[in-house]
Amino acid sequence: DGGITQSPKYLFRKEGQNVTLSCEQNLNHDAMYWYRQDPGQGLRLIYYSQIVNDFQKGDIAEGYSVSREKKESFPLTVTSAQKNPTAFYLCASSPRTGESNYGYTFGSGTRLTVV
Amino acid sequence: GQSLEQPSEVTAVEGAIVQINCTYQTSGFYGLSWYQQHDGGAPTFLSYNALDGLEETGRFSSFLSRSDSYGYLLLQELQMKDSASYFCAVLSRSNDYKLSFGAGTTVTVRA
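Bear in mind the structure is a predicted one, so any value in this text is a computation, not a measurement. (Residues numbered from 1 in each chain as written. Chains lettered and ligands numbered in written order. Predicted model: local features only at pLDDT ≥ 70, side-chain atom pairs only at ≥ 80, totals over all residues. Heavy atoms only, no water.)

Observations regarding the pattern of salt bridges
Next, step 1: With the rule as written, the count across this model stands at four salt bridges over all chains.
Next, step 2: Arg 59 of chain B is paired through a salt bridge with Asp 82 of chain B; the nearest N and O atoms lie 2.7 Å apart. Here the residue Arg 59 of chain B occupies a position in the loop between strand S6 (53–57) and strand S7 (60–65), and Asp 82 of chain B occupies one in the loop between strand S8 (70–75) and strand S9 (84–92), the gap between them amounting to 23 residues. Accessibility assignment for this pair places Arg 59 of chain B and Asp 82 of chain B in one class, buried.
Next, step 3: Among the ionic contacts, a cluster of salt bridges with common partners joins Arg 36, Asp 38 and Arg 44 of chain A. (Salt bridge = Lys/Arg side-chain N within 4 Å of Asp/Glu carboxyl O. Helix = DSSP H or I, 4+ residues; strand = E, 2+ residues; numbered from the N terminus. Buried < 20%, exposed > 50% of the residue type's maximum accessible area, 1.4 Å probe, protein only.)

So, in C-alpha coordinates, the structure goes:
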(Lines give C-alpha, C1' and ligand atoms only; values in the text may rest on other atoms or scores of the structure.)
Protein backbone atom coordinates (compact mmCIF):
# COMPACT_ATOMS: atom_id res chain seq x y z
CA ASP A 1 0.00 0.00 0.00
CA GLY A 2 1.22 3.50 -0.78
CA GLY A 3 1.73 6.02 1.95
CA ILE A 4 4.06 8.17 3.98
CA THR A 5 6.30 6.79 6.71
CA GLN A 6 7.66 9.01 9.43
CA SER A 7 10.23 7.87 11.95
CA PRO A 8 10.76 7.82 14.78
CA LYS A 9 7.33 8.17 16.35
CA TYR A 10 8.81 9.68 19.51
CA LEU A 11 12.10 11.55 19.78
CA PHE A 12 13.85 13.13 22.72
CA ARG A 13 16.45 15.81 22.22
CA LYS A 14 18.90 17.32 24.63
CA GLU A 15 19.53 21.03 24.65
CA GLY A 16 22.04 21.99 21.95
CA GLN A 17 21.59 18.85 19.86
CA ASN A 18 20.58 18.59 16.24
CA VAL A 19 18.09 15.85 15.41
CA THR A 20 16.80 14.58 12.08
CA LEU A 21 13.26 13.41 11.42
CA SER A 22 12.74 10.97 8.59
CA CYS A 23 9.96 11.13 5.99
CA GLU A 24 9.62 8.64 3.15
CA GLN A 25 6.79 8.32 0.60
CA ASN A 26 6.06 5.72 -2.05
CA LEU A 27 3.17 7.57 -3.68
CA ASN A 28 5.31 8.99 -6.50
CA HIS A 29 4.29 12.49 -5.38
CA ASP A 30 6.35 15.44 -6.56
CA ALA A 31 5.56 17.78 -3.66
CA MET A 32 6.43 17.21 -0.01
CA TYR A 33 5.86 19.36 3.06
CA TRP A 34 6.83 19.62 6.71
CA TYR A 35 4.37 21.06 9.23
CA ARG A 36 4.66 21.77 12.91
CA GLN A 37 1.66 21.39 15.22
CA ASP A 38 1.56 22.75 18.76
CA PRO A 39 -1.13 21.69 21.26
CA GLY A 40 -4.55 23.06 20.33
CA GLN A 41 -3.22 24.80 17.27
CA GLY A 42 -3.31 24.38 13.55
CA LEU A 43 -0.53 23.26 11.23
CA ARG A 44 2.23 25.69 10.42
CA LEU A 45 4.41 25.14 7.35
CA ILE A 46 8.15 24.78 7.95
CA TYR A 47 9.52 23.85 4.51
CA TYR A 48 8.21 22.46 1.27
CA SER A 49 9.67 20.95 -1.87
CA GLN A 50 8.11 20.80 -5.30
CA ILE A 51 10.87 18.85 -7.00
CA VAL A 52 14.05 16.96 -6.24
CA ASN A 53 17.01 19.14 -5.24
CA ASP A 54 14.78 22.15 -4.66
CA PHE A 55 12.95 23.38 -1.56
CA GLN A 56 11.53 26.62 -0.17
CA LYS A 57 11.02 28.07 3.27
CA GLY A 58 7.57 28.09 4.77
CA ASP A 59 6.23 30.37 7.46
CA ILE A 60 8.44 29.17 10.34
CA ALA A 61 11.69 27.92 8.77
CA GLU A 62 14.11 29.45 11.29
CA GLY A 63 16.03 26.78 13.18
CA TYR A 64 15.17 24.03 10.70
CA SER A 65 16.83 22.60 7.58
CA VAL A 66 15.80 20.07 4.93
CA SER A 67 17.14 18.23 1.91
CA ARG A 68 15.48 16.59 -1.08
CA GLU A 69 18.05 14.38 -2.73
CA LYS A 70 15.51 11.74 -3.75
CA LYS A 71 11.89 12.06 -4.77
CA GLU A 72 10.83 9.65 -2.04
CA SER A 73 12.64 11.28 0.86
CA PHE A 74 12.37 14.65 2.61
CA PRO A 75 14.20 14.62 5.97
CA LEU A 76 13.89 17.50 8.41
CA THR A 77 16.70 18.55 10.75
CA VAL A 78 15.80 20.44 13.88
CA THR A 79 18.92 22.40 14.76
CA SER A 80 20.07 23.78 18.07
CA ALA A 81 19.07 27.21 16.75
CA GLN A 82 15.40 26.25 17.14
CA LYS A 83 14.68 27.56 20.62
CA ASN A 84 11.35 25.88 21.20
CA PRO A 85 11.40 22.60 19.26
CA THR A 86 8.99 20.57 21.41
CA ALA A 87 6.06 19.88 19.08
CA PHE A 88 4.34 17.34 16.85
CA TYR A 89 5.91 17.25 13.38
CA LEU A 90 3.92 16.13 10.37
CA CYS A 91 5.20 15.32 6.92
CA ALA A 92 2.84 15.41 3.93
CA SER A 93 2.91 14.95 0.20
CA SER A 94 0.74 15.76 -2.82
CA PRO A 95 1.03 14.98 -6.54
CA ARG A 96 2.17 18.58 -6.97
CA THR A 97 1.42 21.92 -5.35
CA GLY A 98 -1.94 23.29 -6.33
CA GLU A 99 -3.48 19.89 -6.95
CA SER A 100 -5.83 19.62 -4.01
CA ASN A 101 -8.71 17.58 -5.39
CA TYR A 102 -7.43 14.51 -3.58
CA GLY A 103 -5.79 16.36 -0.73
CA TYR A 104 -2.50 16.00 1.00
CA THR A 105 -1.45 12.63 2.38
CA PHE A 106 0.04 12.91 5.85
CA GLY A 107 2.38 10.67 7.78
CA SER A 108 1.63 9.60 11.35
CA GLY A 109 3.93 12.25 12.79
CA THR A 110 6.94 12.49 15.08
CA ARG A 111 6.53 13.86 18.58
CA LEU A 112 9.71 15.69 19.55
CA THR A 113 10.43 16.56 23.16
CA VAL A 114 13.38 18.53 24.50
CA VAL A 115 14.71 17.05 27.75
CA GLY B 1 -0.97 36.46 3.97
CA GLN B 2 -3.84 34.17 4.73
CA SER B 3 -6.12 34.04 7.75
CA LEU B 4 -8.80 31.51 8.60
CA GLU B 5 -11.32 31.56 11.44
CA GLN B 6 -13.24 28.58 12.76
CA PRO B 7 -14.77 27.87 16.17
CA SER B 8 -12.46 26.23 18.68
CA GLU B 9 -14.90 23.68 20.11
CA VAL B 10 -18.26 22.10 19.40
CA THR B 11 -20.08 19.51 21.50
CA ALA B 12 -23.06 17.48 20.32
CA VAL B 13 -24.84 14.20 21.02
CA GLU B 14 -24.82 11.07 18.92
CA GLY B 15 -27.16 11.29 15.97
CA ALA B 16 -27.12 15.08 15.89
CA ILE B 17 -25.95 17.41 13.11
CA VAL B 18 -22.96 19.72 13.51
CA GLN B 19 -21.94 22.57 11.24
CA ILE B 20 -18.38 23.91 11.45
CA ASN B 21 -18.01 27.31 9.85
CA CYS B 22 -14.84 28.67 8.32
CA THR B 23 -14.25 32.21 7.14
CA TYR B 24 -11.06 33.08 5.30
CA GLN B 25 -9.10 36.03 4.01
CA THR B 26 -6.64 35.54 1.20
CA SER B 27 -5.80 36.87 -2.21
CA GLY B 28 -5.93 34.62 -5.22
CA PHE B 29 -8.30 32.11 -3.63
CA TYR B 30 -8.27 28.75 -5.35
CA GLY B 31 -10.10 26.30 -3.10
CA LEU B 32 -11.08 25.23 0.43
CA SER B 33 -10.26 21.86 1.95
CA TRP B 34 -11.30 20.08 5.14
CA TYR B 35 -9.23 17.62 7.16
CA GLN B 36 -10.03 15.41 10.14
CA GLN B 37 -7.48 14.61 12.82
CA HIS B 38 -8.02 12.20 15.68
CA ASP B 39 -6.03 12.88 18.82
CA GLY B 40 -2.33 12.24 18.17
CA GLY B 41 -2.95 10.98 14.66
CA ALA B 42 -2.40 12.04 11.10
CA PRO B 43 -4.78 14.50 9.46
CA THR B 44 -6.89 12.85 6.78
CA PHE B 45 -8.44 14.59 3.80
CA LEU B 46 -12.24 14.95 3.84
CA SER B 47 -13.24 17.29 1.04
CA TYR B 48 -12.26 20.03 -1.37
CA ASN B 49 -14.43 22.83 -2.79
CA ALA B 50 -13.23 25.04 -5.61
CA LEU B 51 -16.67 26.16 -6.81
CA ASP B 52 -19.68 27.54 -4.96
CA GLY B 53 -22.12 25.01 -3.65
CA LEU B 54 -22.47 21.87 -1.63
CA GLU B 55 -20.39 18.71 -2.01
CA GLU B 56 -21.76 15.61 -0.33
CA THR B 57 -19.73 12.58 0.65
CA GLY B 58 -21.68 10.17 2.80
CA ARG B 59 -22.50 11.69 6.19
CA PHE B 60 -20.17 14.65 5.59
CA SER B 61 -20.89 17.60 3.32
CA SER B 62 -18.88 20.71 2.57
CA PHE B 63 -20.13 24.04 1.31
CA LEU B 64 -18.38 27.03 -0.24
CA SER B 65 -19.43 30.59 -0.99
CA ARG B 66 -16.58 32.37 -2.74
CA SER B 67 -18.35 35.73 -2.68
CA ASP B 68 -18.69 35.54 1.11
CA SER B 69 -15.23 33.99 1.69
CA TYR B 70 -17.02 31.37 3.72
CA GLY B 71 -17.41 27.65 3.89
CA TYR B 72 -18.68 25.01 6.26
CA LEU B 73 -18.37 21.35 7.00
CA LEU B 74 -21.59 19.56 7.90
CA LEU B 75 -21.41 16.37 9.94
CA GLN B 76 -24.66 14.43 9.98
CA GLU B 77 -25.81 11.46 12.03
CA LEU B 78 -22.96 12.02 14.43
CA GLN B 79 -21.16 8.97 15.75
CA MET B 80 -18.73 8.63 18.64
CA LYS B 81 -15.91 8.02 16.16
CA ASP B 82 -16.47 11.53 14.74
CA SER B 83 -14.94 13.01 17.90
CA ALA B 84 -11.84 14.65 16.43
CA SER B 85 -10.38 17.97 15.35
CA TYR B 86 -11.47 19.38 12.02
CA PHE B 87 -9.35 21.85 10.08
CA CYS B 88 -10.29 24.04 7.19
CA ALA B 89 -7.43 24.89 4.83
CA VAL B 90 -7.28 27.40 2.00
CA LEU B 91 -5.38 26.99 -1.24
CA SER B 92 -4.39 30.27 -2.88
CA ARG B 93 -2.25 31.57 -5.69
CA SER B 94 -0.75 34.17 -3.35
CA ASN B 95 0.65 31.32 -1.24
CA ASP B 96 2.18 29.50 -4.18
CA TYR B 97 -0.72 27.02 -4.19
CA LYS B 98 0.14 25.58 -0.78
CA LEU B 99 -2.43 24.87 1.92
CA SER B 100 -2.77 27.25 4.86
CA PHE B 101 -4.60 25.71 7.81
CA GLY B 102 -7.00 27.13 10.35
CA ALA B 103 -6.50 26.50 14.07
CA GLY B 104 -9.01 23.64 14.08
CA THR B 105 -12.35 22.85 15.70
CA THR B 106 -12.51 20.12 18.31
CA VAL B 107 -15.75 18.18 18.00
CA THR B 108 -16.81 16.14 21.00
CA VAL B 109 -19.64 13.66 20.55
CA ARG B 110 -21.52 12.61 23.71
CA ALA B 111 -23.62 9.53 24.11
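Considerations on the interface of chain A and chain B
Quite often, the size of an interface is put as the accessible area lost when its parts meet.
Next, step 1: If you look at the interface, chain A gives 23 residues, while chain B gives 19 residues.
Next, step 2: Summing both partners gives a buried area of about 1600 Å² for chain A against chain B, and 58% of it is carried by carbon and sulfur.
Next, step 3: Counting across the interface, chain A meets chain B through zero salt bridges.
Next, step 4: Inspection of the chain A/chain B interface yields four residue pairs in polar contact (both at pLDDT 80 or more).
Next, step 5: If you list the elements that add at least two residues to the side of chain A that touches chain B, you get strand S4 (31–37), strand S5 (43–51) and strand S9 (87–94) of chain A.
Next, step 6: Take the side of chain A that touches chain B: its biggest share by element is four residues, from S5 of chain A.
Next, step 7: Considered class by class, the residues forming the side of chain A that touches chain B number 10 nonpolar, 12 polar and one charged. (Contact = heavy atoms within 4.5 Å. Buried area = accessible area lost by both parts, 1.4 Å probe. Polar contact = N/O pair within 3.5 Å; in protein donor to acceptor, adjacent residues only side chain to side chain. Nonpolar A, V, L, I, M, F, W, Y, C, P; charged D, E, K, R; others polar.)

Quick look at the nonpolar core
Next, step 1: Grouped together as the largest cluster of nonpolar side chains are 21 residues, with contacts concentrated most on Ile 20, Leu 32, Leu 75 and Tyr 86 of chain B.
Next, step 2: With near-sequence residues (within four places) excluded, Leu 75 of chain B lies in contact with Ala 16, Ile 17, Val 18, Ile 20, Arg 59, Phe 60, Tyr 86 and Val 107 of chain B.
Next, step 3: In terms of nonpolar packing, the next biggest core, distinct from the first, is built from 19 residues, Val 19, Ala 61, Val 78 and Tyr 89 of chain A among them. (Core = buried A, V, L, I, M, F, W, Y, C linked by side-chain atoms within 4.5 Å.)

As for the packing of aromatic side chains
Next, step 1: Summed over all chains, the structure comprises 16 aromatic pairs over all chains.
Next, step 2: Centre to centre, the rings of Tyr 33 of chain A and Tyr 104 of chain A are 4.3 Å apart; their planes meet at 15°, and the pair counts as stacked. Residue Tyr 33 of chain A is located in strand S4, and its partner Tyr 104 of chain A is located in the loop between S9 and strand S10 (105–106); the two are separated by 71 residues in the primary sequence. By the burial criterion, Tyr 33 of chain A is buried, and Tyr 104 of chain A matches it.
Next, step 3: Chaining the aromatic ring pairs together yields one cluster made of Tyr 33, Tyr 35, Tyr 104 and Phe 106 of chain A together with Tyr 35, Phe 45 and Phe 101 of chain B.
Next, step 4: Note that Arg 68 of chain A overlies the ring of Phe 74 of chain A, its terminal NZ or CZ placed 6.0 Å from the centroid.
Next, step 5: Against the face of Phe 88 of chain A rests Arg 111 of chain A, its NZ or CZ located 4.4 Å from the ring centre. (Phe/Tyr/Trp six-rings, centres within 6.5 Å; stacked < 30°, edge-to-face > 60°. Lys NZ or Arg CZ within 6 Å of the ring centre and 35° of its normal.)

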